[in-house]
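As a plain string of letters, each chain reads:
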Amino acid sequence: MTKFTTYIARPVMAYGQPGYNDALAAAAAINKSLGDSGESSFIVGDEASDYSAYRAMQRELDSCNPSIRADLCVDSTTAEIDE
């Protein structure tokens with residue numbers, strides 16, 4: 001089994017708050033972009049890949065409008081994949 005960590009963007013506000021839909025759309029676009037390119041996931045313990053994935057997430061967040069960027073945060077999740 002191999003453990004992978006994935007960085008994901010998500011809104012920091014509750015459903016229905018003003019700006020939630022914009023933040024959710026931005027998070028979905030960021031997660032899709034980085035997921036499709038393979039930049040958001042890495043094998044646990046690979047520090048270089050961890051840093052690269054984190055920087056890719058930061059690059060995408062920095063490209064967002066500042067008002068939307070303030071409504072997003074970065075989470076990480078770790079999962080084991082049976083090969």
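See the structure printed just above.
What counts, and at which threshold
Residues numbered from 1 in each chain as written. Predicted model: local features only at pLDDT ≥ 70, side-chain atom pairs only at ≥ 80, totals over all residues. Heavy atoms only, no water. Salt bridge = Lys/Arg side-chain N within 4 Å of Asp/Glu carboxyl O. Helix = DSSP H or I, 4+ residues; strand = E, 2+ residues; numbered from the N terminus. Buried < 20%, exposed > 50% of the residue type's maximum accessible area, 1.4 Å probe, protein only. Core = buried A, V, L, I, M, F, W, Y, C linked by side-chain atoms within 4.5 Å. Pairing = 2+ DSSP bridges. Axes fitted to C-alpha atoms, helices over the stretch in contact; angles between N-to-C directions. Contact = heavy atoms within 4.5 Å. Left-handed = near helix turned anticlockwise from the far one by under 90°. Nonpolar A, V, L, I, M, F, W, Y, C, P; charged D, E, K, R; others polar. Phe/Tyr/Trp six-rings, centres within 6.5 Å; stacked < 30°, edge-to-face > 60°.

Asks: If you had to explain the pattern of salt bridges to someone new, which residues and values would you point to?
Replies: Overall, the coordinates contain four salt bridges when judged by the stated rule. Here Arg59 and Glu39 are joined by a salt bridge, their closest N and O atoms 3.2 Å apart. Of this pair, Arg59 sits in helix H2 (residues 47-62) while Glu39 sits in the loop between helix H1 (20-37) and strand E2 (41-43), and the two are 20 residues apart along the sequence. Judged by its relative accessible area of 42%, Arg59 is partly exposed.

Asks: Could you give an account of the nonpolar core, naming the residues involved and the relevant values?
Replies: One finds Ile30, Met57 and Leu72 to be the most contacted residues of the largest nonpolar core, which totals 16 residues. Going through the elements one at a time, strand E1 (2-11), H1 and H2 are the ones with two or more residues in this core. The element that contributes the greatest number of residues to this core is H1, accounting for six residues.

Asks: Would you mind going over the sheet that holds strand E3 (residues 72-81) in detail, with residue names and values included?
Replies: Strand order in this open sheet of three strands is E2-E1-E3, and the pairing throughout is antiparallel. Edge positions in the sheet fall to E2 and E3, since each has one partner strand and no second. Strand-to-strand twist of the sheet, defined as the mean angle between neighbouring strand axes without regard to direction, takes the value 25°. Across the sheet, H1 lies against E1 and E3, angled at about 150° from E1, the strand it touches most.

Asks: Help me get a handle on the environment of Gly16, residues and values and all.
Replies: Examined against the element boundaries, Gly16 turns out to sit in the loop between E1 and H1. A C-alpha to C-alpha distance of 17 Å links Gly16 and Ala70, two positions 54 residues apart in sequence.

Asks: Tell me about the packing of H1 against H2, and please be specific about residues and values.
Replies: Packed helices, taken two at a time, are described by the angle their axes make and the gap between the axes. Contact geometry of H1 with H2 gives a least axis separation of 10 Å together with a crossing angle of 140°. For the crossing formed where H1 meets H2, the hand is right-handed. Residue-level inspection shows Ile30, Asn31, Ser33 and Leu34 of H1 in contact with H2, the latter providing Ala56, Met57, Arg59, Glu60 and Leu61. Partitioned by chemical class, the residues of the contact of H1 with H2 number five nonpolar, two polar and two charged.

Asks: Could you give me a rundown of the packing of aromatic side chains, with the residues and numbers involved?
Replies: For the structure on display, the rule yields three aromatic pairs. Here Tyr7 and Phe42 contribute two aromatic rings whose centre-to-centre distance is 5.8 Å and whose plane-to-plane angle is 40°, an arrangement assigned as tilted. Of this pair, Tyr7 sits in strand E1 while Phe42 sits in strand E2, and the two are 35 residues apart along the sequence. Like Phe42, Tyr7 is buried. With centroids separated by 5.5 Å and ring planes inclined at 80°, the aromatic side chains of Tyr15 and Tyr20 adopt a geometry described as edge-to-face. Following the ring pairs from residue to residue traces out a cluster consisting of Tyr7, Phe42 and Tyr54.

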